[in-house]
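Letter by letter, the chains look like this.
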Protein chains: 2
Amino acid sequence: MSQGKKVRFSYEQLNALCMDAFQKFGFSEHDAATITDVLLTADLYGIQSHGMQRLVRYYKGIQKGTMKVDAKPEIVFETPVSAVVDGHDGMGQLNGVFAMNLAIKKAKKSGVGIVSVRNSNHYGIAGYYAKMAARQNMIGFSSTNSEAIMVPTYASKAMIGSNPQAWCVPADPYDFFFDAATSVVTRGKLEMYNKLGEKLPDGWALDAEGQPTNDAGAVLANIAAHRGGGIMPLGGSTEQLGSHKGYGNGMVSELFSSILSQGLTSNETMKAGKSGICHGFMAINLVAFGDPAAIKAHLSNYLQSLRDAPKASGQSRIYTHGEKEAAFVKDRKENGIPVIDKTMTEVYDLCDYLHLDPHKYFGDYEPPKAGKMFTGNY
Amino acid sequence: MSQGKKVRFSYEQLNALCMDAFQKFGFSEHDAATITDVLLTADLYGIQSHGMQRLVRYYKGIQKGTMKVDAKPEIVFETPVSAVVDGHDGMGQLNGVFAMNLAIKKAKKSGVGIVSVRNSNHYGIAGYYAKMAARQNMIGFSSTNSEAIMVPTYASKAMIGSNPQAWCVPADPYDFFFDAATSVVTRGKLEMYNKLGEKLPDGWALDAEGQPTNDAGAVLANIAAHRGGGIMPLGGSTEQLGSHKGYGNGMVSELFSSILSQGLTSNETMKAGKSGICHGFMAINLVAFGDPAAIKAHLSNYLQSLRDAPKASGQSRIYTHGEKEAAFVKDRKENGIPVIDKTMTEVYDLCDYLHLDPHKYFGDYEPPKAGKMFTGNY
């Protein structure tokens, strides 16, 4: 399924633009680099919904005041293996990197670090933070809550976020990297179907009465207006296919994020000009279980045996988690990062507003024209 | 769906029988009590597949030598927050209780305890161990691998077990208690359909070519003969409904059980007279994140708001995880534990073989007659 016309730019081009834009937003060079790395890593991994196209959305959050540029994450409770961090409504990426670094520091010293964050914002891809721990020879875990979009089994109203969980563990030739919403799909998938005017597949969404529907536009409008309905948990809407399991896993994300930090649960986020999103992070040092190289080799062997397993008829390949991302990174580094031209229209509009020259980054490229999103004086 | 005729006995009746039987098998009174409590807790929670009906199966495992009565779990690697335990082919329940107690002890002192166990056997319900930690004001997590029955996305061969994960967290009026296979259903569900000669629902099982099938008998026979096929991950067999997510979660169970302990992965278990099943346990002390009472109250409020959410049309109730189990416990304590009469036939046969008088436990109850399973001298 296509998302519209795409144009490719190099990592360096997009990085230069993001760095200048985030600094124009008021972030230090260091913080701009952190946020940019989280964004562009999503694009490198092929998770376009969480990459460049979020730049403009983030700027809107900053303008509205739900994302505070000068917020600093604060440790409000701490032990040698744990911490609770108050994000003070700062950027999710800055809170996320701060909290995962804290978890890693604790895991280096104590073997394990678990950090729960409240009062934050959208933090990009969960997997970014899990990967940080894997680079230190640790199991990395990251989860977040989000605006409620998942309807619990037998409910008619969204009460839980897409609540992704990411796990990353060192392995050869690819880390085990598993990053997935606990809802059957994300809101972004519905937005894609809506843009294209296509019917949703069965088993994804519920109408305002909690009944299955294929109408993406109606579901998105209902979520936005809090009229009920939303996205099904992984496992659908009935217990026969395991709806209660996706719902339960969504709750596990809630535990590590909003419950341990005593922050806002998904159903209370995004109210009265405050996001209040919460995150959870865990780093488990492999040295706490023996020889990290031996553990890594053991996992790598198992992953290889999975890839080598007999294929279903009609299938030529079994993927292990992280393999697709590795292929995306290779492609993006060689051929550039694809960006939807509509996103580029937004980017050029934002550049104009911020008094940045887009041609400095993108040469003579011109995106389709559209009405301005940003008006008035910067 | 019925599983055949059931008869109810009190907890005390079944407990007395199990205690005598396990001691006849050679276990000490203490160990017999531990194994019995895990078994009968499954029955109290309404998870009949993991309760009394396993008694005879366990005895067969002991007879075959895959379960060693005199094995003692051994800590082979340890830090203040972690351990690797070698179960030396002992009973899964004894290894599980030992390992979770060790995790809890570490979490009391250090805030977190993670224990990975190798060379064990079927350990009953994952939730039993998670609940142990919740009773100590901790988040409890327990997972296990098992004989491979889950077919990875786009494979045609089972490579991963049913690999359940259980989480338990203190809450009022019911703990959050979430215990579920990462496969869409367990093998036990297929066995039920097979016994009744009913067609499997769509979205559960795959044939030897990795194609969807509704034939329970053929799937079970294929698994037993290692001819390929098996059960789908939660999310089905295609990425559209999230097959890769159930598959990924199954791998997370593998991480905590077989990978960290460097034990046998699911695809290598149950070979050459050895089970080799591995488990993982985690206890996270709520005091490491602030006031446990406040965290518990925060979770309890959220769970209440979920139960109070608007219902889907046609539904009268939204359950939170642990609520059904609490209702089962109340019913079983008031009205007794239901046992399938076929299981009672097996139990009477086993009693006869062990020179135990079944009427000592079950009064004048007589189960249906059948051919003897156990012959020769005890």
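Reading guide: rules and limits
- Residues numbered from 1 in each chain as written.
- Chains lettered and ligands numbered in written order.
- Predicted model: local features only at pLDDT ≥ 70, side-chain atom pairs only at ≥ 80, totals over all residues.
- Heavy atoms only, no water.
- Helix = DSSP H or I, 4+ residues; strand = E, 2+ residues; numbered from the N terminus.
- Rg over C-alpha atoms; globule rule 2.2 N^0.38 Å.
- Buried < 20%, exposed > 50% of the residue type's maximum accessible area, 1.4 Å probe, protein only.
- Contact = heavy atoms within 4.5 Å.
- Areas by Shrake-Rupley, 256 points an atom, 1.4 Å probe, with all protein chains shown as cover.
- Lys, Arg positive; Asp, Glu negative; His and termini not counted.
- Charge placed at Lys NZ, Arg CZ, Asp CG, Glu CD.
- Phe/Tyr/Trp six-rings, centres within 6.5 Å; stacked < 30°, edge-to-face > 60°.
- Buried area = accessible area lost by both parts, 1.4 Å probe.
- Salt bridge = Lys/Arg side-chain N within 4 Å of Asp/Glu carboxyl O.
- Polar contact = N/O pair within 3.5 Å; in protein donor to acceptor, adjacent residues only side chain to side chain.
- Nonpolar A, V, L, I, M, F, W, Y, C, P; charged D, E, K, R; others polar.
- Least-squares fit on C-alpha atoms with pLDDT ≥ 70 in both.
- Pairing = 2+ DSSP bridges.
- Axes fitted to C-alpha atoms, helices over the stretch in contact; angles between N-to-C directions.
- Expected span 1.5 Å × (residues − 1).
- Domains from an automatic or database assignment.
- Parallel < 35°, antiparallel > 145°, perpendicular 65-115°, else oblique.

Chemist: Explain the overall build of chain A here, please?
Modeler: Across its full length, chain A holds twelve helices and twelve strands. Expected size for 378 residues packed as a compact globule is a radius of gyration near 21 Å; at 21 Å, chain A falls within 12% of this value. For chain A, the spread of C-alpha atoms along the three principal axes comes to 60 × 50 × 45 Å. Counting all 378 residues of chain A, 61% fall into the buried class. Sequence-distant contacts, at least 24 apart, represent 67% of the contacts inside chain A between residues at least 6 apart. Summed over its atoms, the accessible surface of chain A is roughly 13,900 Å², and 50% of this surface lies on carbon and sulfur atoms. Each charge sign in chain A was given a centre, from 38 positive and 37 negative side chains, and these centres are 1 Å apart.

Chemist: Honestly, the packing of aromatic side chains in this entry has me stumped. Any pointers?
Modeler: Geometry of an aromatic ring pair is reported as the spacing of the ring centres plus the angle between the planes. Residues and elements named next belong to chain A. Applying the stated criterion across every chain yields a total of 38 aromatic pairs over all chains. Taking 6.0 Å as the distance between ring centres and 55° as the angle between the ring planes, the aromatic pair formed by Tyr 123 and Phe 281 counts as tilted. With Tyr 123 in the loop between strand S4 (112-120) and helix H5 (126-134) and Phe 281 in strand S11 (residues 277-285), the pair connects residues that are 158 residues apart, well separated along the chain. For Tyr 123, a relative accessible area of 1% corresponds to the buried category. On the basis of relative accessible area, Phe 281 is assigned to the buried category, the value being 0%.

Chemist: In this structure, what is going on with the interface of chain A and chain B? I would like to understand it.
Modeler: By a frequent convention, interface size equals the accessible area lost on bringing the separate parts together. Contact with chain A, which involves 90 residues of that partner, is made by 90 residues of chain B. Roughly 7,000 Å² of surface becomes buried between chain A and chain B when both sides are summed, with 69% attributable to carbon and sulfur atoms. The largest contributions to the chain A side of the interface with chain B come from A:Lys245, A:Phe289 and A:Tyr302, which together make up 11% of the buried area. Where chain A meets chain B, there are two salt bridges. Residue A:Glu239 pairs with B:Lys324 through a salt bridge whose shortest N-O separation is 2.9 Å. On the surface where chain A and chain B come into contact, there are 32 residue pairs in polar contact (both at pLDDT 80 or more). Breaking the side of chain A that touches chain B down by element, the ones donating at least two residues are strand S2 (74-79), strand S3 (82-86), S4, strand S6 (165-169), strand S7 (176-180), helix H8 (243-259), S11 and helix H9 (292-307) of chain A. Take the side of chain A that touches chain B: its biggest share by element is 13 residues, from H8(A). The class makeup of the residues in the side of chain A that touches chain B is 48 nonpolar, 32 polar and ten charged.

Chemist: Mind showing me how you'd approach the relation of the copies chain A and chain B here?
Modeler: A rotation about some axis, followed by a shift along it, carries one copy of the chain onto the other. When chain A is fitted to chain B, the best match, at an RMSD of 0.0 Å, comes from turning it 180° and sliding it 0.0 Å along the axis. In short, the pair behaves as if placed about a two-fold rotation axis. For chain A, the minimum C-alpha distance to the rotation axis belongs to A:Gly235 and amounts to 2.6 Å. Take the interface residues of chain A: 100% of them recur as interface residues in chain B, which is what a same-surface contact looks like.

Chemist: Please clarify how the sheet that holds strand S3 (residues 82-86) of chain B should be interpreted in this entry.
Modeler: What holds strands together in a sheet is hydrogen bonding between their backbones, with the strands either parallel or antiparallel. Residues and elements named next belong to chain B. Pairing is mixed across the open sheet formed by seven strands, whose spatial order is S2-S3-S4-S11-S5-S6-S7. The open sheet has two edge strands, strand S2 (74-79) and strand S7 (176-180), and neither has a second partner. On average, adjacent strands in this sheet sit at an angle of 10° to one another, irrespective of strand direction. Across five bridges, S2 lies against S3 in antiparallel orientation. In the sheet register, Ile 75 faces S3, and the bridge partner there is Val 85. Of the strands in this sheet, strand S5 (138-144), strand S6 (165-169), S7 and strand S11 (277-285) are in contact with helix H5 (residues 126-134), which crosses S5 at around 160°.

Chemist: Would you take a moment to explain the pattern of salt bridges for this structure?
Modeler: Where charged atoms of side chains with opposite charge meet at close range, the side chains can pair. This model, assessed by the stated rule, comprises 34 salt bridges over all chains. With a shortest N-O distance of 3.2 Å, B:Lys271 and B:Glu268 are connected by a salt bridge. Sharing partners across several salt bridges, the network here consists of A:Arg57, A:Glu147, A:Arg187 and A:Glu191.

Chemist: Can you walk me through helix H2 (residues 29-44) of chain B in this structure?
Modeler: A turn of α-helix holds 3.6 residues, and therefore any two residues three or four places apart point the same way. Residue and element names in this part refer to chain B. Taking 1.5 Å of rise per residue, 16 residues should cover 22 Å, and H2 covers 21 Å from first to last C-alpha, within 8% of that figure. Those residues of H2 that sit buried are Asp 31, Ala 32, Thr 34, Ile 35, Thr 36, Val 38, Leu 39, Leu 40, Thr 41, Ala 42, Asp 43 and Leu 44. Residues of H2 that are buried make contact with helix H1 (11-25), helix H3 (55-64), helix H4 (92-110), H5, helix H10 (323-335) and strand S12 (337-340). Phi turns positive one or two residues past the end of H2, at Gly 46, with a value near 85°.

Chemist: What's the story with the side chain of A:Thr34 in this structure? I'm lost.
Modeler: Within the element layout of this structure, A:Thr34 appears in helix H2 (residues 29-44). Here A:Thr34 is in contact with A:Gln93, A:Leu94 and A:Val97, once residues within four sequence places are set aside.

Chemist: Where do I start with the sheet that holds S3(A) in this structure?
Modeler: Residues and elements named next belong to chain A. With mixed pairing, seven strands are arranged side by side in an open sheet as S2-S3-S4-S11-S5-S6-S7. Taken across any chain shown, the strands that pair with only one partner, and hence form the sheet edges, are S2 and S7. Each neighbouring strand pair of the sheet contributes to a mean axis angle of 10°, computed without reference to strand direction. Examined bridge by bridge, S6 and S7 share five bridges and lie antiparallel to one another. Note on S7: the bridge partner recorded for Gln 165 is Ala 180. Relative to S11, H8 is tilted by about 90°, and along the sheet it contacts S4, strand S5 (138-144), S6 and S11.

Chemist: Looking at this structure, I do not really get the domain arrangement of chain A. What am I missing?
Modeler: Residues and elements named next belong to chain A. Considered domain by domain, chain A is made up of domain 1 (1-64 + 336-378), domain 2 (70-184 + 237-328) and domain 3 (186-231). Between the C-alpha centres of domain 1 and domain 2 there is a distance of 26 Å. At the interface, 17 residues of domain 1 touch 15 residues of domain 2. Here domain 1 packs against domain 2, burying approximately 1,500 Å² in sum over the two surfaces, 72% of which is carbon and sulfur. Counting the surface domain 1 buries against domain 2, the share from its top three residues, Val 38, Tyr 45 and Tyr 58, is 42%.

Chemist: Could you clarify how one ought to interpret the environment of A:Met91 in this entry?
Modeler: All names here are of chain A. Its place among the elements puts Met 91 in the loop between S3 and helix H4 (92-110). Met 91 sits in the buried class, given a relative accessible area of 1%. Along the chain, Met 91 and Gly 124 lie 33 residues apart, while their C-alpha atoms are 10.0 Å from each other. With sequence-adjacent residues up to four places away left out, Met 91 is seen in contact with Phe 22, Phe 27, Ile 35, Tyr 58, Ile 62, Met 67, Lys 68 and Ser 120.

Chemist: Would you mind going over the packing of H1(B) against H3(B) with me for this structure?
Modeler: Each pair of packed helices gets described by two things: the angle between the helix axes and the distance between those axes. Residues and elements named next belong to chain B. As a packed pair, H1 and H3 sit with axes 11 Å apart at the nearest point and diverge in direction by 5°. Classified by the angle between their axes, H1 and H3 sit roughly parallel to one another. Contacts between H1 and H3 involve Leu 17, Ala 21, Phe 22 and Phe 25 on the former and, on the latter, Leu 55, Tyr 59 and Ile 62. Across the contact of H1 with H3, the residue classes tally to seven nonpolar, no polar and no charged.

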